[in-house]
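Close look at the chain arrangement
These are the residues of each chain, in order.
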Amino acid sequence: MTEQKAMLQINDLHKKIGKHEIIKGLSLEVNKGEVFGFLGPNGAGKTTTIRMMVGLTTPTSGQILIGGEALSNNRKHVLKKIGAIVENPEMYPFLSGLDNLKHYARMQPNITKEDIDRVVKLVGLEHRIKDKVKKYSLGMRQRLGLAQALLHKPELLILDEPTNGLDPAGIREIRDYIRNLAKEEGLSVIVSSHLLSEMELMCDRIGIIKDGEMIRIENVHEQNNQNLIMSYDVNPIEKAEQWFKTNGYEYNIQDNQIKVKINKEDVPITVQALVAASVSIYSINEERSSLEDRFLNITGGVSHD
Ligand SMILES: Nc1ncnc2c1ncn2[C@@H]1O[C@H](COP(=O)(O)OP(=O)(O)OP(=O)(O)O)[C@@H](O)[C@H]1O
Ligand SMILES: [Mg+2]
């Protein structure tokens, strides 16, 4: 048997609801052990696509392969390879986290006590697992949802906006668990969000979806070091400006800082020259990642809250 590299493969997926074509020929692949981000503004079609992946709704046309097997051919068998949080995971607030997991385990074949212990540990809920769920924070509930999704040892984890409604600490927690699951357990993960900043930190690759189409797939770790916008906080600013001007850099001045279009490799040269010209440098920051620029161009802007 040849090794199956793509854990999830989607080919030319379409979904029509009534006359409205919501997904228009979407294709993507998620490799083994990879965290793939599904990024797009509200209404782009993320949830609709994910609902098709987990068998909650059927595609109008196109193919979904999980571990090389078509979902449409053997639904029940193929869905066993998936763990998902799509709609809010259903929990009983008056039961403990542990009892919720036990209850869920009873509905699945072959789940042992060891499996439960394992997922509780994986999501770091050991100390609170006997508390009632109604006493959990939103982040803890999300973690319990993750534990539930992982209980039957899926190979592919599918999460629709798992950090929705969480505070920055909660977001960071979920992000760390997701990254860890991919790295330590070799799990493939597809995770949706409308927040680029979050996706950049969590994912290996990001697919940008707009109006039901995959517009672009970006590799997060392939850094683009050309044409960055660097913001120089320097004093005296006039002297620095003179230097950038003389040396042919494109720049403008905003908020008392000089924003310079520059390749990363040229930054040390500017530092040396400015210091030699007796300019004090307080900070140099990258204004905006090139990925962010491209995402905003593609989607026509998206909220960052
Ligand atoms: N059952 C439905 N009937 C009709 N239209 C639908 C249905 N479900 C979704 N849509 C439409 O499909 C489009 C995509 O919706 P979807 O929920 O997939 O977007 P999303 O990317 O998940 O957005 P969000 O970031 O807001 O969650 C939207 O225009 C939505 O109104
Ligand atoms: Mg959605």
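Only a predicted model underlies this, so the values are computations on that prediction, with no experimental measurement involved.

Rules of the game
- Residues numbered from 1 in each chain as written.
- Chains lettered and ligands numbered in written order.
- Predicted model: local features only at pLDDT ≥ 70, side-chain atom pairs only at ≥ 80, totals over all residues.
- Heavy atoms only, no water.
- Salt bridge = Lys/Arg side-chain N within 4 Å of Asp/Glu carboxyl O.
- Helix = DSSP H or I, 4+ residues; strand = E, 2+ residues; numbered from the N terminus.
- Buried < 20%, exposed > 50% of the residue type's maximum accessible area, 1.4 Å probe, protein only.
- Near = heavy atom within 4 Å.
- Polar contact = N/O pair within 3.5 Å; in protein donor to acceptor, adjacent residues only side chain to side chain.
- Areas by Shrake-Rupley, 256 points an atom, 1.4 Å probe, with all protein chains shown as cover.
- Nonpolar A, V, L, I, M, F, W, Y, C, P; charged D, E, K, R; others polar.
- Core = buried A, V, L, I, M, F, W, Y, C linked by side-chain atoms within 4.5 Å.
- Contact = heavy atoms within 4.5 Å.
- Domains from an automatic or database assignment.
- Pairing = 2+ DSSP bridges.
- Axes fitted to C-alpha atoms, helices over the stretch in contact; angles between N-to-C directions.
- Parallel < 35°, antiparallel > 145°, perpendicular 65-115°, else oblique.
- Left-handed = near helix turned anticlockwise from the far one by under 90°.
- Phe/Tyr/Trp six-rings, centres within 6.5 Å; stacked < 30°, edge-to-face > 60°.

A separate point is the pattern of salt bridges. Counted according to the given criterion, the structure contains 10 salt bridges. Two residues, K153 and D115, come together in a salt bridge whose shortest N-O distance is 3.1 Å. Here D115 lies in helix α4 (residues 113-122) and K153 lies in the loop between α5 (138-150) and β7 (156-160), a separation of 38 residues in the sequence. We classify K153 as exposed; its relative accessible area is 51%.

Right, let's talk about the site of ligand 1 for a bit. Around ligand 1 sit I17, I22, P41, N42, G43, A44, G45, K46, T47, T48 and E161, and those are all the residues in its vicinity. The contact in question runs from an oxygen atom of ligand 1 to an N or O atom on the backbone of A44, over 3.2 Å. Between ligand 1 and the protein, one listed contact pairs an oxygen atom with a side-chain N or O atom of T47 at 2.8 Å. Against a free-state accessible area of 640 Å², the protein chains account for coverage of 57% of ligand 1. Examining the composition of the shell around ligand 1, we find that 3 residues originate from one element, helix α1 (residues 46-53), more than from any other. Residues that form the shell around ligand 1 fall into these classes: 4 nonpolar, 5 polar and 2 charged.

Another aspect to go through is the nonpolar core. Counting residues in hydrophobic clusters, the biggest one holds 45 residues, and the most contacted among them are L101, L157 and I206. Ignoring sequence-local partners within four residues, the contact set of L157 consists of G83, L146, A149, L150, L181, L187, S188, V189 and I190.

The subject of this paragraph is the domain arrangement of the protein. What the domain assignment reports for the protein is domain 1 (8-219) and domain 2 (228-286). Once you take the C-alpha centre of each, domain 1 and domain 2 turn out to be 44 Å apart.

The subject of this paragraph is the sheet that holds strand β2 (residues 20-31). On the basis of which strands lie adjacent, the open sheet formed by 4 strands has the order β2-β1-β4-β5 and antiparallel pairing. The open sheet is flanked by β2 and β5 (69-70), the only strands paired with a single partner. Sheet topology note: the strand β4 (residues 61-66)/β5 ladder contains 2 bridges and is antiparallel. Bridge pairing in β5 places I66 opposite E69. Against the sheet, α1 makes contact with β1 (6-17), β2 and β4, and its axis sits at roughly 115° relative to β1, the strand it touches most.

The element strand β13 (residues 257-262) is largely enclosed, with a buried count of 5 among its 6 residues. Summarising the sheet, strand β11 (residues 228-235) and β13 pair through 5 bridges and their orientation is antiparallel. Bridge assignment links L228 to a residue of β13, and that residue is I262. Examined bridge by bridge, strand β12 (residues 251-254) and β13 share 4 bridges and lie antiparallel to one another. Bridge pairing in β13 places Q254 opposite Q257.

All right, on to the packing of helix α3 (residues 97-106) against α4 then. Contact pair α3 / α4: the axes reach a minimum separation of 11 Å and the direction vectors enclose 130°. If you check the angle between α3 and α4, you find them oblique. In this structure, α3 meets α4 at a crossing whose hand is right-handed. Contacts from L98, L101, K102 and A105 of α3 reach α4 at I116, V119 and V120. Classifying every residue of the contact of α3 with α4 by side-chain character gives 6 nonpolar, no polar and 1 charged.

Okay, the packing of aromatic side chains next. When we look at a pair of aromatic rings, we describe it by the centre distance and by the angle of the planes. One pass over the structure, following the stated rule, counts 4 aromatic pairs. Ring geometry for F244 versus Y249: centroids 5.6 Å apart, planes at 90°, classification edge-to-face. Comparing F244 with Y249 shows no difference in burial state: the two are buried.

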